[in-house]
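What follows is each chain in one-letter form.
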Amino acid sequence: DTEVTQTPKHLVMGMTNKKSLKCEQHMGHRAMYWYKQKAKKPPELMFVYSYEKLSINESVPSRFSPECPNSSLLNLHLHALQPEDSALYLCASSQDRDRTYEQYFGPGTRLTVT
Amino acid sequence: GNSVTQMEGPVTLSEEAFLTINCTYTATGYPSLFWYVQYPGEGLQLLLKATKADDKGSNKGFEATYRKETTSFHLEKGSVQVSDSAVYFCALSTMGGTSYGKLTFGQGTILTVHP
């Protein structure tokens, strides 16, 4: 099974709301990633977790807060977002961070900030 | 730093035509190379990969060969189908430094195949 699942599929939130995105994988992967993708652009890396520890934060604003409760789960907590944060948010996982391992992507959460 | 350059799209082909999407890269260190495909409304799917020079990755009729001498990883398919219409991303990953385990993507190439 090479599936990464993400919930919800779609999310509409106001600028004062707090919401969370969830990502799950059961492949035993030890690296998990959050990406942001705008229309017609490649994904942009936001965060990398390796063995449940935050390894990379690509200078993401603090209104995005990642959490890795265990090796299978990755959350992204959202608070006080701006309209420009509307995008497709993709989760991915890989066996670990070694360059030879491919990343498996989930279907994404389409976020709209009103 | 690392970078990936893909041929500009969009690319429009008739069914059963030959497809080439060019991809060249610059990398600090020895990269692994990947092609990902994104169908409308979906996440990215790994299409194929190569981890060392002269490796050929292949899947679903698509092929790409890791050419270290020309720093290229061009995607080819002999006969495209309407169902191949999607966005194709070339990407690389290297070890070491701040790029460790990070995917660097090209800008993507939109492919449309007409019946």
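What counts as what
Residues numbered from 1 in each chain as written. Chains lettered and ligands numbered in written order. Predicted model: local features only at pLDDT ≥ 70, side-chain atom pairs only at ≥ 80, totals over all residues. Heavy atoms only, no water. Contact = heavy atoms within 4.5 Å. Buried area = accessible area lost by both parts, 1.4 Å probe. Salt bridge = Lys/Arg side-chain N within 4 Å of Asp/Glu carboxyl O. Polar contact = N/O pair within 3.5 Å; in protein donor to acceptor, adjacent residues only side chain to side chain. Helix = DSSP H or I, 4+ residues; strand = E, 2+ residues; numbered from the N terminus. Pairing = 2+ DSSP bridges. Axes fitted to C-alpha atoms, helices over the stretch in contact; angles between N-to-C directions. Buried < 20%, exposed > 50% of the residue type's maximum accessible area, 1.4 Å probe, protein only.

Peer 1: I keep staring at the interface of chain B and chain A and nothing clicks. Help me out?
Peer 2: Size of an interface, as often reported, equals the accessible area lost when the parts are brought together. Listed by partner, the interface residues are 25 residues for chain B and 23 residues for chain A. Surface buried jointly by chain B and chain A totals about 1900 Å² across both partners, of which 55% is contributed by carbon and sulfur atoms. Looking at the side of chain B facing chain A, the largest losses of area belong to Leu44(B), Tyr100(B) and Lys102(B), adding up to 24% of the total buried there. For the pair chain B and chain A, the interface holds 2 salt bridges. Residues Glu102(A) and Lys49(B) are paired through a salt bridge, measuring 2.6 Å at the closest nitrogen-oxygen approach. Linking chain B with chain A are 4 residue pairs in polar contact (both at pLDDT 80 or more), by the criterion used here. Sorting the residues of the side of chain B that touches chain A by element identifies strand S5 (32–38), strand S6 (44–50), strand S10 (86–93) and strand S11 (103–105) of chain B as the ones contributing at least two each. Looking at which element gives the most residues to the side of chain B that touches chain A, the answer is S5(B), with 4 residues.

Peer 1: Help me out: how do you make sense of the sheet that holds strand S8 (residues 73–79) of chain A in this one?
Peer 2: The strands making up a sheet associate through backbone hydrogen bonding, with each pair oriented either parallel or antiparallel. All names here are of chain A. Pairing is antiparallel in the open sheet, where 4 strands are placed in the order S1-S3-S8-S7. Strands at the two margins of the open sheet, each flanked by one partner only, are strand S1 (4–7) and strand S7 (64–70). The average angle at which neighbouring strand axes cross in this sheet is 20°, direction not considered. The pairing of S1 with strand S3 (residues 18–25) spans 4 bridges and is classified as antiparallel. Opposite threonine 5, over in S3, you have glutamate 24 as the bridge partner.

Peer 1: Please clarify how the environment of Thr12(B) should be interpreted in this entry.
Peer 2: Residues and elements named next belong to chain B. Mapped onto the elements of the fold, threonine 12 is located in strand S2 (residues 11–14). The class of threonine 12 is partly exposed, set by a relative accessible area of 49%. Along the sequence, threonine 12 and valine 113 sit 101 residues apart, while their C-alpha atoms lie 5.8 Å from each other.

Peer 1: Would you mind going over the pattern of salt bridges with me for this structure?
Peer 2: Should their charged atoms come close, side chains of opposite charge can pair. All names here are of chain A. Per the stated rule, a full pass over the model turns up 7 salt bridges over all chains. For arginine 30, the salt bridge is made with glutamate 52, and the minimal N-O distance between the two is 3.1 Å. Taken as a pair, arginine 30 in the loop between S3 and strand S4 (31–37) and glutamate 52 in the loop between strand S5 (44–50) and strand S6 (53–57) lie far apart in primary sequence, 22 residues in all. Look at arginine 30 and you get partly exposed, because its relative accessible area is 29%.

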